[in-house]
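Summary of structural features
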Amino acid sequence: MPYKNILTIISANSDTLENYFRKIFSDVRSSGSKKTTINVFTDLKYSDLVTIVREALLDNIDVGYELYLWKKDEINKFFDYIRKLDVDGLLIYCDDENRAFVTKIVDNLPNNIKSNLIKDYCKRSN
């Protein structure tokens, strides 16, 4: 089933962000969707993030996206924001350093969003 808008949550170190963004666009495309709302939890400035992921963005211009940056202490603002979204899919990405933080976010997502999980690359696979 193609998705209308996929909510993407990501928190990773800056040296791996470009690879994660490539994976996000690949997963959005393979899910049949053409749009994602990417929510990055980072201390980077918007311009620094765009510089880091620029090539991934340019290589995937066929996928529409909205890009939001959140500080790690803005979780409540993030939850207020997503309650207003119309999403029908969920993708989750993190590196090992940010796993506990992202898990905390996912655990507190509304059930109607959690139930739309497509892929969770943040779960420990041991």
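Computed from a predicted structure; not experimentally measured.

1. What about the packing of aromatic side chains?
With the rule as written, the count across this model stands at 10 aromatic pairs. With a centroid separation of 5.7 Å and 45 degrees between ring planes, the pair formed by W70 and Y81 is classed as tilted. Of this pair, W70 sits in strand β3 (residues 64-70) while Y81 is found in helix α3 (residues 75-82), placing the two residues 11 residues apart along the sequence. For Y81, a relative accessible area of 17% gives the class buried. Their ring planes at 15 degrees and their centres at 5.1 Å tell us that Y93 and Y121 sit as a pair that is stacked. Remark: Y121 occurs in the segment after β5 (117-120) and Y93 occurs in strand β4 (residues 89-94); sequence separation between them is 28 residues.

2. Some points on the state of the cysteines
Under the defined criterion, the tally for this structure stands at 1 disulfide. With a sulfur-sulfur separation of 1.7 Å, C94 is cross-linked through a disulfide to C122. The sign of the 105 degrees torsion about the S-S bond sets the C94-C122 disulfide as right-handed. Taken together, the residues C94 in strand β4 and C122 in the segment after β5 connect sequence positions 28 residues apart. As far as burial versus exposure is concerned, C94 and C122 are alike and both buried.

3. Things to note about the environment of D48
Tracing the backbone shows D48 in helix α2 (residues 46-59). In the structure, D48 is positioned 24 residues away from K72 in sequence and 17 Å away in space, judged by C-alpha atoms.

Conventions adopted
- Residues numbered from 1 in each chain as written.
- Predicted model: local features only at pLDDT ≥ 70, side-chain atom pairs only at ≥ 80, totals over all residues.
- Heavy atoms only, no water.
- Phe/Tyr/Trp six-rings, centres within 6.5 Å; stacked < 30°, edge-to-face > 60°.
- Helix = DSSP H or I, 4+ residues; strand = E, 2+ residues; numbered from the N terminus.
- Buried < 20%, exposed > 50% of the residue type's maximum accessible area, 1.4 Å probe, protein only.
- Disulfide = S-S within 2.5 Å.

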